[in-house]
Amino acid sequence: MRPLVLITNDDGILSPHLHAMADAIAAEAEVLVVAPERQRSAASHAITLHKPLRLHTVSPQRHSLSGTPVDCVYLGVMKLATRMPDLVVSGINDGYNLGSDVFYSGTVAGAVEGGLRGTVGVALSMAPRAQHPDAAVAACLAIVRATLAARLPAGTVLNVNVPGTGGARYRWTTLGRRRYEDDVAERVDPRGRPYYWIGGGASGHDQRPGSDCDAIAEGVISVSPLHLDLTAHAAVAAPPFAVTGLDLG
Ligand code: MN
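Conventions and cut-offs
Residues numbered from 1 in each chain as written. Predicted model: local features only at pLDDT ≥ 70, side-chain atom pairs only at ≥ 80, totals over all residues. Heavy atoms only, no water. Donors = N, O, S within 2.8 Å, 3.2 Å for Na, K, Ca; no water. Helix = DSSP H or I, 4+ residues; strand = E, 2+ residues; numbered from the N terminus. Buried < 20%, exposed > 50% of the residue type's maximum accessible area, 1.4 Å probe, protein only. Pairing = 2+ DSSP bridges. Axes fitted to C-alpha atoms, helices over the stretch in contact; angles between N-to-C directions. Contact = heavy atoms within 4.5 Å.

Enquirer: What's the story with the coordination of the manganese ion in this structure? I'm lost.
Expert: Tetrahedral metal sites with four donors have an ideal angle of 109.5 degrees; octahedral sites with six donors have ideal angles of 90 or 180 degrees. Protein coordination of the manganese ion is provided by D10 (OD), D11 (OD), S41 (OG) and N93 (OD1), with donor distances spanning 2.1 to 2.2 Å. Look at where the donors of the manganese ion fall in the sequence and you get D-D-x29-S-x51-N. Placement of D10 in the loop between β1 (4-8) and α1 (16-26) and of S41 in the loop between β2 (30-36) and β3 (55-59) is noted, with a sequence separation of 31 residues between them. When its relative accessible area of 38% is taken as the criterion, S41 is described as partly exposed.

Written out as C-alpha coordinates, the structure is:
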(Lines give C-alpha, C1' and ligand atoms only; values in the text may rest on other atoms or scores of the structure.)
Protein backbone atom coordinates (compact mmCIF):
# COMPACT_ATOMS: atom_id res chain seq x y z
CA MET A 1 0.00 0.00 0.00
CA ARG A 2 1.26 3.47 -0.83
CA PRO A 3 1.96 5.64 2.19
CA LEU A 4 -0.64 8.26 3.11
CA VAL A 5 0.62 11.85 3.46
CA LEU A 6 -1.61 14.55 4.96
CA ILE A 7 -0.58 18.00 3.71
CA THR A 8 -1.45 21.35 5.20
CA ASN A 9 0.09 24.84 5.35
CA ASP A 10 -0.57 28.23 6.91
CA ASP A 11 -0.50 30.36 3.74
CA GLY A 12 -3.88 28.95 2.76
CA ILE A 13 -5.39 26.70 0.08
CA LEU A 14 -4.51 29.20 -2.69
CA SER A 15 -0.75 28.89 -2.09
CA PRO A 16 1.00 27.62 -5.25
CA HIS A 17 3.76 26.09 -3.10
CA LEU A 18 1.18 23.91 -1.29
CA HIS A 19 -0.07 22.41 -4.53
CA ALA A 20 3.41 22.09 -6.07
CA MET A 21 4.46 20.05 -3.03
CA ALA A 22 1.24 18.00 -3.03
CA ASP A 23 1.64 17.26 -6.77
CA ALA A 24 5.26 16.16 -6.24
CA ILE A 25 4.39 13.89 -3.30
CA ALA A 26 1.36 12.47 -5.15
CA ALA A 27 3.75 10.79 -7.60
CA GLU A 28 4.79 8.38 -4.87
CA ALA A 29 2.21 8.51 -2.09
CA GLU A 30 -1.49 8.89 -1.49
CA VAL A 31 -2.08 12.56 -0.73
CA LEU A 32 -4.80 14.26 1.33
CA VAL A 33 -4.69 18.08 1.41
CA VAL A 34 -6.52 20.00 4.15
CA ALA A 35 -5.47 23.65 4.25
CA PRO A 36 -6.88 26.86 5.71
CA GLU A 37 -9.29 28.69 3.40
CA ARG A 38 -7.26 31.89 3.91
CA GLN A 39 -3.85 33.14 5.01
CA ARG A 40 -3.22 31.97 8.62
CA SER A 41 0.51 32.64 9.03
CA ALA A 42 1.64 33.16 12.65
CA ALA A 43 -1.44 31.27 13.88
CA SER A 44 0.89 29.18 16.06
CA HIS A 45 -0.89 26.19 17.65
CA ALA A 46 -4.34 27.82 17.84
CA ILE A 47 -7.41 25.60 17.51
CA THR A 48 -11.01 26.66 16.89
CA LEU A 49 -13.28 25.53 19.71
CA HIS A 50 -16.04 28.14 19.79
CA LYS A 51 -17.39 28.35 16.26
CA PRO A 52 -18.20 25.89 13.48
CA LEU A 53 -15.60 24.76 10.96
CA ARG A 54 -16.70 24.60 7.32
CA LEU A 55 -15.01 22.28 4.84
CA HIS A 56 -14.96 22.82 1.07
CA THR A 57 -13.64 20.28 -1.41
CA VAL A 58 -11.68 22.10 -4.12
CA SER A 59 -10.64 18.96 -6.04
CA PRO A 60 -10.50 15.24 -5.24
CA GLN A 61 -8.67 14.76 -1.93
CA ARG A 62 -7.99 18.52 -1.62
CA HIS A 63 -10.02 20.52 0.87
CA SER A 64 -10.08 23.97 2.42
CA LEU A 65 -11.20 24.53 6.02
CA SER A 66 -12.39 27.72 7.75
CA GLY A 67 -9.85 27.16 10.51
CA THR A 68 -6.19 27.14 11.50
CA PRO A 69 -3.42 24.81 10.31
CA VAL A 70 -3.83 22.75 13.50
CA ASP A 71 -7.60 22.51 12.92
CA CYS A 72 -6.75 21.16 9.45
CA VAL A 73 -4.46 18.43 10.80
CA TYR A 74 -6.91 17.57 13.59
CA LEU A 75 -9.82 17.16 11.17
CA GLY A 76 -7.62 15.49 8.58
CA VAL A 77 -6.35 12.82 10.97
CA MET A 78 -9.53 12.33 13.02
CA LYS A 79 -12.22 12.58 10.34
CA LEU A 80 -11.08 12.78 6.72
CA ALA A 81 -8.24 10.26 6.48
CA THR A 82 -9.36 6.66 6.15
CA ARG A 83 -6.30 5.50 8.12
CA MET A 84 -3.59 7.12 10.23
CA PRO A 85 -1.38 9.18 7.89
CA ASP A 86 2.21 7.96 7.67
CA LEU A 87 3.34 11.58 7.59
CA VAL A 88 1.97 15.10 8.03
CA VAL A 89 3.66 17.65 5.77
CA SER A 90 3.14 21.37 6.43
CA GLY A 91 4.18 23.79 3.70
CA ILE A 92 5.96 24.73 1.71
CA ASN A 93 5.77 28.05 3.53
CA ASP A 94 6.62 31.25 1.68
CA GLY A 95 9.35 32.47 4.07
CA TYR A 96 11.71 30.90 6.59
CA ASN A 97 10.77 29.53 10.00
CA LEU A 98 14.06 29.66 11.90
CA GLY A 99 14.98 29.67 15.58
CA SER A 100 12.22 31.09 17.80
CA ASP A 101 9.94 31.45 14.74
CA VAL A 102 8.85 27.89 15.59
CA PHE A 103 6.76 29.25 18.50
CA TYR A 104 4.75 31.60 16.26
CA SER A 105 4.64 29.65 13.03
CA GLY A 106 1.43 28.04 11.80
CA THR A 107 3.54 25.98 9.40
CA VAL A 108 5.53 24.42 12.24
CA ALA A 109 2.36 24.00 14.34
CA GLY A 110 0.78 21.91 11.58
CA ALA A 111 3.75 19.52 11.68
CA VAL A 112 3.80 19.49 15.49
CA GLU A 113 0.11 18.55 15.52
CA GLY A 114 1.00 15.57 13.35
CA GLY A 115 3.50 14.52 16.01
CA LEU A 116 1.01 15.06 18.82
CA ARG A 117 -1.67 13.06 16.93
CA GLY A 118 0.58 10.00 16.77
CA THR A 119 2.35 10.27 13.45
CA VAL A 120 5.41 12.09 12.08
CA GLY A 121 5.46 15.78 11.11
CA VAL A 122 7.66 17.69 8.69
CA ALA A 123 7.44 21.49 8.43
CA LEU A 124 8.76 22.88 5.13
CA SER A 125 9.69 26.53 4.61
CA MET A 126 11.66 28.31 1.93
CA ALA A 127 13.12 31.70 1.16
CA PRO A 128 10.48 34.41 0.91
CA ARG A 129 9.43 35.03 -2.69
CA ALA A 130 11.86 32.26 -3.70
CA GLN A 131 13.66 32.59 -7.00
CA HIS A 132 13.93 28.80 -7.41
CA PRO A 133 10.67 27.28 -6.12
CA ASP A 134 11.13 24.20 -8.34
CA ALA A 135 14.51 23.47 -6.74
CA ALA A 136 12.99 23.91 -3.27
CA VAL A 137 10.14 21.53 -4.12
CA ALA A 138 12.66 18.95 -5.38
CA ALA A 139 14.74 19.29 -2.20
CA CYS A 140 11.65 19.01 0.00
CA LEU A 141 10.48 15.96 -1.94
CA ALA A 142 13.85 14.28 -1.30
CA ILE A 143 13.49 14.97 2.42
CA VAL A 144 9.86 13.74 2.48
CA ARG A 145 10.92 10.56 0.66
CA ALA A 146 13.78 9.93 3.10
CA THR A 147 11.48 10.61 6.08
CA LEU A 148 8.92 8.08 4.83
CA ALA A 149 11.62 5.48 4.15
CA ALA A 150 13.12 5.93 7.63
CA ARG A 151 9.85 4.89 9.36
CA LEU A 152 10.50 7.28 12.23
CA PRO A 153 8.76 6.84 15.59
CA ALA A 154 5.46 8.65 16.19
CA GLY A 155 6.03 12.08 17.64
CA THR A 156 9.07 12.82 15.48
CA VAL A 157 8.95 16.38 14.10
CA LEU A 158 11.40 17.95 11.66
CA ASN A 159 11.64 21.65 10.84
CA VAL A 160 13.09 22.10 7.34
CA ASN A 161 14.20 25.38 5.74
CA VAL A 162 15.39 25.66 2.14
CA PRO A 163 17.56 28.61 1.07
CA GLY A 164 16.79 30.61 -2.02
CA THR A 165 20.04 29.75 -3.73
CA GLY A 166 18.85 26.43 -5.15
CA GLY A 167 21.75 24.32 -3.83
CA ALA A 168 21.48 20.64 -2.89
CA ARG A 169 23.55 20.57 0.30
CA TYR A 170 21.72 19.86 3.60
CA ARG A 171 22.70 19.80 7.27
CA TRP A 172 21.15 18.63 10.59
CA THR A 173 20.89 21.74 12.72
CA THR A 174 19.89 23.23 16.07
CA LEU A 175 17.40 26.08 16.40
CA GLY A 176 19.31 29.37 16.28
CA ARG A 177 18.30 32.86 17.21
CA ARG A 178 16.87 35.23 14.65
CA ARG A 179 16.79 38.97 15.29
CA TYR A 180 13.79 41.15 14.54
CA GLU A 181 13.13 44.84 14.59
CA ASP A 182 10.60 44.48 17.42
CA ASP A 183 8.49 47.33 16.15
CA VAL A 184 5.25 48.71 17.49
CA ALA A 185 3.84 51.21 15.02
CA GLU A 186 1.12 53.52 16.36
CA ARG A 187 -1.11 55.17 13.76
CA VAL A 188 -4.45 56.87 13.66
CA ASP A 189 -7.38 55.40 11.73
CA PRO A 190 -9.73 57.47 9.50
CA ARG A 191 -12.15 57.82 12.47
CA GLY A 192 -9.41 59.41 14.58
CA ARG A 193 -8.80 56.40 16.85
CA PRO A 194 -5.29 55.02 17.43
CA TYR A 195 -4.35 51.53 16.29
CA TYR A 196 -1.21 49.46 16.58
CA TRP A 197 0.72 47.30 14.16
CA ILE A 198 3.18 44.88 15.79
CA GLY A 199 6.03 42.79 14.39
CA GLY A 200 9.02 44.20 12.54
CA GLY A 201 11.10 42.68 9.77
CA ALA A 202 13.95 40.22 10.32
CA SER A 203 17.26 41.98 10.90
CA GLY A 204 19.81 39.17 10.87
CA HIS A 205 20.67 36.40 13.33
CA ASP A 206 23.11 35.48 16.10
CA GLN A 207 26.14 33.52 14.87
CA ARG A 208 25.67 30.04 16.38
CA PRO A 209 27.69 27.29 14.71
CA GLY A 210 25.45 24.37 13.79
CA SER A 211 22.27 26.45 13.88
CA ASP A 212 19.51 26.62 11.29
CA CYS A 213 20.18 30.36 10.80
CA ASP A 214 23.85 29.74 10.02
CA ALA A 215 22.99 26.95 7.56
CA ILE A 216 20.57 29.17 5.64
CA ALA A 217 23.10 32.03 5.64
CA GLU A 218 25.59 29.58 4.03
CA GLY A 219 23.03 28.47 1.41
CA VAL A 220 22.64 25.02 3.03
CA ILE A 221 19.26 23.30 3.51
CA SER A 222 18.52 23.08 7.25
CA VAL A 223 16.84 20.10 8.97
CA SER A 224 16.14 20.69 12.69
CA PRO A 225 14.69 17.78 14.68
CA LEU A 226 12.30 19.17 17.34
CA HIS A 227 11.39 17.89 20.81
CA LEU A 228 7.71 18.02 21.75
CA ASP A 229 8.72 17.73 25.41
CA LEU A 230 9.36 21.34 26.49
CA THR A 231 10.34 20.28 30.04
CA ALA A 232 13.60 21.82 31.27
CA HIS A 233 14.87 18.47 32.59
CA ALA A 234 18.03 19.99 34.10
CA ALA A 235 15.89 22.31 36.26
CA VAL A 236 13.78 19.39 37.49
CA ALA A 237 16.94 17.47 38.42
CA ALA A 238 18.50 20.55 40.07
CA PRO A 239 15.66 22.95 41.02
CA PRO A 240 16.68 26.62 40.81
CA PHE A 241 14.99 27.62 44.10
CA ALA A 242 13.01 26.37 47.10
CA VAL A 243 9.65 27.94 48.00
CA THR A 244 9.65 29.30 51.55
CA GLY A 245 6.44 28.38 53.36
CA LEU A 246 5.76 25.27 51.25
CA ASP A 247 7.08 21.74 51.82
CA LEU A 248 8.52 19.65 49.01
CA GLY A 249 6.05 16.82 48.43
MN1 MN B 1 2.98 31.28 6.21
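Moving on from the model shown.
Enquirer: Mind showing me how you'd approach the sheet that holds strand β5 (residues 87-94) here?
Expert: Sheet strands pair via backbone hydrogen bonds, and the direction of the pair is either parallel or antiparallel. Read from one edge to the other, the open sheet built from nine strands follows the order β3-β4-β2-β1-β5-β6-β7-β13-β8, with strand pairing classed as mixed. The sheet is open, and its two edges are formed by β3 and β8 (170-172), each paired on a single side. Averaged over neighbouring strand pairs, the angle between their axes works out to 20° when direction is ignored. Two strands pair when backbone bridges link them, and β2 and strand β4 (residues 62-65) are joined in this way by four bridges, in the parallel orientation. Paired with V34 across the two strands is H63, which belongs to β4. Together, β1, β2, β4, β5 and β6 (121-126) form the strand contacts of α1, whose direction differs from that of β5 by roughly 140°.

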